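The residues making up each chain are set out below.
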Amino acid sequence: MSRAGTLDLATGVGGKIEKDDVLPAVELYEKYHVCYGGKEEERKSNYTDMVNKYYDLVTSFYEYGWGESFHFAQRWKGESLRESIKRHEHFLAFQLGLKPGQKVLDIGCGIGGPLREIARFSYTSVTGLNNNEYQISRGKVLNRLAGLEETCDFVKADFMKMPFPDNSFDAAYAIEATCHAPDAVGCYKEIFRVLKPGQCFAAYEWCMTDAYDPKNTEHQQIKAEIELGNGLPDIRLVNAQRATETEPKDQCLEAIRLAGFEVLWEKDLAVDSPVPWYLPIDPSHFSISNFRLTIPGRFVTRNLVKVVEKIGIAPKGSQRVQAFLEKAADGLVAGAKKEIFTPMYFMLARKPATAE
């Protein structure tokens, strides 16, 4: 798992956005969100633009601070962050029962860290679906460096309208990606359509738990910070006790069942994680191996970004991107400590063998 260096961070901010257009893109992105007066309806109706801007702006920061796999993981004692991330990906492959030679779909694949790991682990061919051109171009470079360009590829498309024939894949998965979908049922229906009958889909979803109180202003603020810092139109509820006609008791399970899937099992894996999943981004925790994510590491990165923006290597607006990512990290930690948020609600579901 490689990490981008300082120069990659400085020159990568903005992705495919022209350097002079980065600051206006940041301003437009911020306006989509509650913290800046934005509305959920606007985020959902403009989700393609919002999510694309988000990943153009943040991908170099993600790779610099986190590596190639942009997700969290349940973690065991004595296990490093990188080891836990790999095991989290291996667990997914194991649950899907992947076999050599199968065709697998990674929905919302980022720059391809998980798909490369899963392809190596299971000897499968993995196609990464992504609607962000910059991430795909970066992923193709990393595929070549890993020697996986023959078995791993990328397709640029919206996961709400996939360009694949029906019954194309032997398995499919999404790692903290379908949370970007404006309509969970529509997204899961597309996954259902391209999956072969009798085969499985597995997902790690971002959710607000049943401890979340939508009337609690502190909870509302935490949720808004997570949405702002992670390009989300909304965050679905899981096991919600305060169900209404418009908000089912469990929005993820409800959606995946409405799409036609049989749910084999589901569990919030954050609940019994021996080491808190949020530890790498908790400012009260210090780690040499994850120095860039600590308070001193944030300070160094913040001032580095300030300098490279001032001398013109990084585009104007880079500091603002770094700032809302810090705010997002604080929101994630606060949500985790209050047990109102999870990034790893796991679902394993199967398309019925008799499905047309």
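Source: prediction; values computed, not measured.

## Some thoughts on the layout of surface pockets
When its volume is computed, the second largest pocket comes out at roughly 310 Å³. Contributing to the lining of the second largest pocket are 14 residues, with Asp268, Ala270, Val271, Ala336 and Glu339 lying nearest its centre. When grouped by side-chain class, the residues that make up the lining of the second largest pocket number eight nonpolar, three polar and three charged.

## With respect to the environment of Asp234
Structurally, Asp234 can be placed in the loop between α9 (217–230) and β6 (236–237). Apart from the residues lying within four places of it in its own chain, the contact partners of Asp234 are Glu40, Lys44, Cys179, Lys223 and Glu227. Within polar-contact distance, the side chain of Asp234 engages the side chain of Lys223 at 2.7 Å.

## Examining the pairing of strand β2 (residues 125–130)
Across the six residues of β2, five count as buried, placing the element largely inside the fold. The pairing of strand β1 (residues 103–107) with β2 spans five bridges and is classified as parallel. Within the sheet, the bridge partner assigned to Ile107 lies in β2 and is Leu129. Following the backbone out of β1, through helix α6 (residues 113–122) and into the adjacent parallel β2, one traces a crossover that is right-handed. Here five bridges tie β2 to strand β3 (residues 152–156), and the two strands are oriented parallel to one another. Residue pairing for β3: Val126 is matched across the bridge by Cys152. The parallel pair β2 and β3 is bridged by helix α7 (residues 133–146), and the resulting crossover is right-handed.

The rules we used
Residues numbered from 1 in each chain as written. Predicted model: local features only at pLDDT ≥ 70, side-chain atom pairs only at ≥ 80, totals over all residues. Heavy atoms only, no water. 1 Å grid on protein atoms, 1.4 Å probe; cavity = no way out; pocket = protein on both sides within 12 Å on 5 of 7 lines; lining within 4 Å. Points joined across faces, edges and corners; volume = space filled by probe spheres on them. Nonpolar A, V, L, I, M, F, W, Y, C, P; charged D, E, K, R; others polar. Helix = DSSP H or I, 4+ residues; strand = E, 2+ residues; numbered from the N terminus. Contact = heavy atoms within 4.5 Å. Polar contact = N/O pair within 3.5 Å; in protein donor to acceptor, adjacent residues only side chain to side chain. Buried < 20%, exposed > 50% of the residue type's maximum accessible area, 1.4 Å probe, protein only. Pairing = 2+ DSSP bridges. Right-handed = clockwise from strand over helix to strand, strands pointing away.

On their own, these measurements won't tell you what the molecule is for.
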